[in-house]
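Results of the structural survey
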Amino acid sequence: MAIPVYKKYHYSKPNNIAYIKGDIIDVIVSKINTKSGSSQNLLIPECFSLEPKDDTRLSSRIQQIFPQIKINLDMYRSSGSKNYGTVQFLEVFNIHNKNLGKIIFANMICKKNQKYSRPLDYIALAKTMEMISSYIISHNKNNEETVDIVGSKFGTGKSGGEWSFIEKMIEDAWSDLSVQIYYGQS
């Protein structure tokens, strides 16, 4: 009896993700300080737990730039476990020109606390990513300007997720959306 020969699986990068070397914070700061330019709307996804002490360095940096995010996120977290597996959408307008595009933070509550070896909950992440997809599709249908997803490699690092798996989730959940992932500093 012959032993079957399996073809080796070749991994290819998803078509809807553009990888850009750089710091997502620089992109956000540049966007809010722009006095003229495009009216591109950005949605920035980030994973959170119900515990503020579990925030990543990137999350902390974003909350320093936008204190209203910390305030709103703390109120959202105080509602407890009923918000686990949901997304808090916060729109921040350009401080120099209100006619320029919005920055929308998508605070995904999809992490357990740090006592777990892998705090990221992939099931909760999948739910939150689907909510983001629905939000963007609804927004793009009802408005002239579209929303693009711009973020870092969310769910990795301190969150414990594997980027290769999250990347496949992006390919499934956001296949019809524009996604830019910044890597490098954060």
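In case you missed it, the structure is sitting above this.
Definitions and cut-offs
- Residues numbered from 1 in each chain as written.
- Predicted model: local features only at pLDDT ≥ 70, side-chain atom pairs only at ≥ 80, totals over all residues.
- Heavy atoms only, no water.
- Helix = DSSP H or I, 4+ residues; strand = E, 2+ residues; numbered from the N terminus.
- Buried < 20%, exposed > 50% of the residue type's maximum accessible area, 1.4 Å probe, protein only.
- Areas by Shrake-Rupley, 256 points an atom, 1.4 Å probe, with all protein chains shown as cover.
- Phe/Tyr/Trp six-rings, centres within 6.5 Å; stacked < 30°, edge-to-face > 60°.
- Pairing = 2+ DSSP bridges.
- Axes fitted to C-alpha atoms, helices over the stretch in contact; angles between N-to-C directions.
- Contact = heavy atoms within 4.5 Å.
- Core = buried A, V, L, I, M, F, W, Y, C linked by side-chain atoms within 4.5 Å.
- Polar contact = N/O pair within 3.5 Å; in protein donor to acceptor, adjacent residues only side chain to side chain.
- Left-handed = near helix turned anticlockwise from the far one by under 90°.
- Nonpolar A, V, L, I, M, F, W, Y, C, P; charged D, E, K, R; others polar.
- Arc of directions from axis to C-beta.

**Some details on the overall build of the protein**
For the protein, the count of helices and strands is five helices and six strands. For the protein, with 186 residues in total, the buried portion stands at 45%. When the accessible surface of the protein is summed, it comes to about 10200 Å², and 53% of that surface belongs to carbon and sulfur atoms.

**Section: the packing of aromatic side chains**
How two aromatic rings sit relative to each other is set out by the distance from centre to centre and by the angle between their planes. Within this structure, the stated rule accounts for five aromatic pairs. Each ring, one from Phe 154 and one from Trp 163, has its centre 5.9 Å from the other, and the planes form 90°; the classification is edge-to-face. For the pair shown, Phe 154 and Trp 163 are each scored as buried.

**Let's talk about the sheet that holds strand S4 (residues 103-111)**
Pairing within the open sheet is mixed, and its six strands lie in the order S1-S6-S5-S2-S4-S3. Because the sheet does not close on itself, it has two edges, and the strands there are strand S1 (17-21) and strand S3 (87-92). Recorded for the sheet is a direction-independent mean angle of 25° between the axes of neighbouring strands. Relative to strand S6 (residues 179-183), strand S5 (residues 147-151) runs parallel, the two being bridged by three bridges. The residue bridging Gly 151 from the neighbouring strand is Ile 181, located in S6. Sitting on the sheet, helix H2 (residues 57-65) is in contact with strand S2 (41-49) and S4, with an inclination near 125° to S2. Packed onto the sheet, helix H4 (residues 122-142) meets S2, S3, S4 and S5 and runs at close to 160° relative to S4.

**A look at the nonpolar core**
Met 108, Leu 125, Met 129, Ile 132, Phe 154, Ile 170 and Trp 174 are the most contacted members of the largest nonpolar core, which totals 27 residues. Residue assignment for this core shows that the elements contributing at least two residues are S2, S4, H4, S5, helix H5 (163-173) and S6. Ranked by the residues each element gives to this core, the list is headed by H4, at six residues. For Ile 170, the contacting residues outside a window of four places in its chain are Asn 16, Ile 17, Met 129, Phe 154, Trp 163, Ser 175 and Val 179. The next biggest cluster of nonpolar side chains, apart from the first, holds 16 residues, and it includes Ile 28, Leu 42, Leu 90 and Tyr 182.

**Observations concerning the side chain of Asn 16**
Take Asn 16: it is sitting in the segment before S1. Engagement of the side chain of Asn 16 in a polar contact is seen with the backbone oxygen of Trp 174, the distance being 2.6 Å. Ignoring sequence-local partners within four residues, the contact set of Asn 16 consists of Ile 170, Glu 171, Trp 174, Ser 175, Leu 177, Ser 178 and Val 179.

**Some remarks on the packing of H4 against H5**
Pairs of packed helices are described in terms of their axes, by the angle between the two and the distance that separates them. With their axes 10 Å apart at the nearest point, H4 and H5 run at an angle of 35° to one another. When you trace H4 past H5, the crossing you get is right-handed. Contacts between H4 and H5 involve Tyr 122, Leu 125, Ala 126, Met 129 and Ser 133 from the former and Phe 165, Ile 166, Met 169, Ile 170 and Ala 173 from the latter. Considering only residue class, the contact of H4 with H5 consists of nine nonpolar, one polar and no charged.

**Section: the environment of Leu 177**
Among the secondary structure elements, Leu 177 is positioned in the loop between H5 and S6. Exposure remark for Leu 177: the relative accessible area of 10% places this residue in the buried category. Taking the C-alpha atoms as reference, Leu 177 lies 8.8 Å from Ile 17; in sequence the two are 160 residues apart.

**Overview of H5**
Taken together, the buried positions of H5 are Trp 163, Ile 166, Glu 167, Met 169, Ile 170 and Ala 173. The arc enclosing the buried residues of H5, seen along the axis, measures out at 160°, which places them on a common side. Residues of H5 that are buried in the fold lie against S1, H4 and S6.

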